[in-house]
Amino acid sequence: MSGDLQHGGALDVMQRRFPDAPLPWVDLSTGVNPWPYAPVHFEPDMLTRLPLRADDEACREAMAAAWGSEPASIVLSPGSELLIRLLPTVIPAQRVAILSPTYGDHAQAWRKSGAEIIQTDDPLSFADTANVVVICNPNNPDGRVFAPETLREARARLARHDGWLIVDEAYADLDPRLSLAAEGSADGLILLRSFGKFFGLPGLRLGALIGPDSIRRAIADRLGVWPVSGLALGIADQAYRDLDWQAVMRARLQRARLRLDAFLVTSEQQICGGTSLFGFAQVKDATAAWQTLAQQGVYVRRFDWSSRHLRIGLPADSEAESRLANALSLLM
C-alpha cells in the first residue's frame, strides 16, 4: 500500500513523489487540529526522570474530570493505535462486526487475530450474534454519529452473551455529548480515546482505554511499567483541565469547518460528511483530484476503498486557505 494511503501524514512520501510542488506543503491529510494546545508551563524534569505514579494519576484525574468518568476506569497508553492492536489479544472473538467505512486499522487488527470480519454500515444489528462490535463515534472519515442511547441498547444486547461493544471515541472531544465515558466501566463496553487529534499534539502519542477492570488489567499488563512519557502526562494534565481553552477551540473549529465547506461548494465539490476537524467530499475521480491538489503542494487524504472520496483537514491560516481554494478551483 502506498504510504499516503495508509493513514495520511506521509509528507516525506509526498515530497519525494511530487518534487516540483510549491513549498511549503499544506498538509490537510490527518484530521488533526491545526491550532495545537500550548502548555502554560513545562517542568524540565519531565525529561530527566522516569514518569511517576503521581503523574499518571494526575493525568487520569484530569481526563476523568473532563469526560465525566472515573479515574480508576482509565488506562493510559502511547496512542490509541496501540490499543486497537492489543484488544484482539485480550478478547477472544470468532465474529467481529465493524462499521464500514471507518478507520481501517480496526478491521486489520481483528483480521490478524483470525476472527471472521463483517464490515457493514449497520454493525449494531449484529449485537445479538457477534462477539465484538466496533464503531467510531463520531466516525472517521464520514463523520457519522451514533446516539448514546442507541449504543447503550447495543451494549446491553452484547453483554447478555458476554460480547463487547468497542467505541473508538478518537474525535469525541469535538462533541462531548456523544461520549459514553461516564459509563465506561459497564459490562461489555470498551471506549478508546485519543489526545492528539483535538489538542493538535499527535506527536506526544497519548491514548486511553476506558473499560471494566478485567480489560484494564489485561491491557496494563501488556503495556508494561512506563508506557507513557512524563512529558505527555504533564501536558495532557494541563490540557484536560483547561476547560475554557476546549470550549473556545470547539467554536473555532466549527467556524473553520464552515470556511472549508465554502471552498468545496465554490469549487463544485459535493460535501457528504465530516466533523469539525475535517470535511468528507465526493469527487468525480478521487485519484485525479488528489494528484491535482498534490501538484499544487496541497496534501489531502484519499482511500484505497473508494475512487470518489477525499478527506480534507482544516487549513491553519489564510495563506493555506488561499492555496487550498486555488487548488480546488482546478478541479472544476
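Residues numbered from 1 in each chain as written. Predicted model: local features only at pLDDT ≥ 70, side-chain atom pairs only at ≥ 80, totals over all residues. Heavy atoms only, no water.

A look at the overall build of the protein chain
Thought 1: A tally of helices and strands in the protein chain yields twelve helices and 13 strands.
Thought 2: Over its C-alpha atoms the protein chain spans a radius of gyration of 20 Å, differing by no more than 12% from the 20 Å that the globule rule assigns to 332 residues.
Thought 3: Dimensions of the protein chain along its principal axes, counting C-alpha atoms only, are 55 × 50 × 35 Å.
Thought 4: The 332 residues of the protein chain split such that 55% are buried.
Thought 5: Of the contacts made within the protein chain by residues no fewer than 6 positions apart, 69% connect residues no fewer than 24 positions apart.
Thought 6: Accessible surface computed for the protein chain: about 14500 Å², of which carbon and sulfur atoms make up 51%.
Thought 7: Side chains of the protein chain give 33 positive and 39 negative charges; the mean places of these two sets differ by 3 Å. (Helix = DSSP H or I, 4+ residues; strand = E, 2+ residues; numbered from the N terminus. Rg over C-alpha atoms; globule rule 2.2 N^0.38 Å. Buried < 20%, exposed > 50% of the residue type's maximum accessible area, 1.4 Å probe, protein only. Contact = heavy atoms within 4.5 Å. Areas by Shrake-Rupley, 256 points an atom, 1.4 Å probe, with all protein chains shown as cover. Lys, Arg positive; Asp, Glu negative; His and termini not counted. Charge placed at Lys NZ, Arg CZ, Asp CG, Glu CD.)

So, the packing of aromatic side chains
Thought 1: Counted under the stated rule, the structure contains 14 aromatic pairs.
Thought 2: Aromatic side chains Phe195 and Phe199 sit 4.8 Å apart centroid to centroid with 20° between the ring planes, which places their arrangement in the stacked category. Each member of the pair, Phe195 together with Phe199, is buried.
Thought 3: When the ring centre of Trp35 is taken as reference, the NZ or CZ atom of Arg252 above it lies at 4.0 Å.
Thought 4: The ring of Phe278 is capped by Arg311, whose NZ or CZ atom sits 5.2 Å from the centre of that ring. (Phe/Tyr/Trp six-rings, centres within 6.5 Å; stacked < 30°, edge-to-face > 60°. Lys NZ or Arg CZ within 6 Å of the ring centre and 35° of its normal.)

Some thoughts on the packing of helix 4 (residues 80–90) against helix 5 (residues 105–112)
Thought 1: The geometry of helix 4 relative to helix 5 is characterised by a closest axis approach of 8 Å and an angle of 30° between their N-to-C directions. Comparing their axes, helix 5 and helix 4 come out roughly parallel. The interaxial crossing formed by helix 4 with helix 5 has right-handed handedness. Of the residues in helix 5, those in contact with Glu81, Ile84, Arg85, Leu87 and Pro88 of helix 4 are Asp105, His106, Gln108, Ala109, Trp110 and Lys112. (Axes fitted to C-alpha atoms, helices over the stretch in contact; angles between N-to-C directions. Parallel < 35°, antiparallel > 145°, perpendicular 65-115°, else oblique. Left-handed = near helix turned anticlockwise from the far one by under 90°.)

Things to note about the pattern of salt bridges
Thought 1: Within the structure shown, the criterion is met by 17 salt bridges.
Thought 2: In this structure, the salt-bridge partner of Arg157 is Glu153, at a minimum N-O distance of 3.5 Å. One end of the pair, Arg157, and the other, Glu153, are both in helix 6 (residues 148–159), four residues apart, so they sit about a helical turn from each other.
Thought 3: Of the residues examined, Arg157 reaches a relative accessible area of 15% and is grouped as buried.
Thought 4: What makes Glu153 partly exposed here is its relative accessible area of 42%.
Thought 5: Where Asp173 meets Arg193, a salt bridge forms, and the shortest distance between an N and an O atom there is 2.8 Å. Here Arg193 lies in strand 7 (residues 189–194) and Asp173 lies in the loop between strand 6 (164–168) and strand 7, a separation of 20 residues in the sequence. One exposure class covers both Asp173 and Arg193, and it is buried.
Thought 6: One salt-bridge network, in which partners are shared between bridges, spans Asp45, Arg49 and Asp55. (Salt bridge = Lys/Arg side-chain N within 4 Å of Asp/Glu carboxyl O.)

Everything listed is a geometric property; what it means functionally is a separate question.
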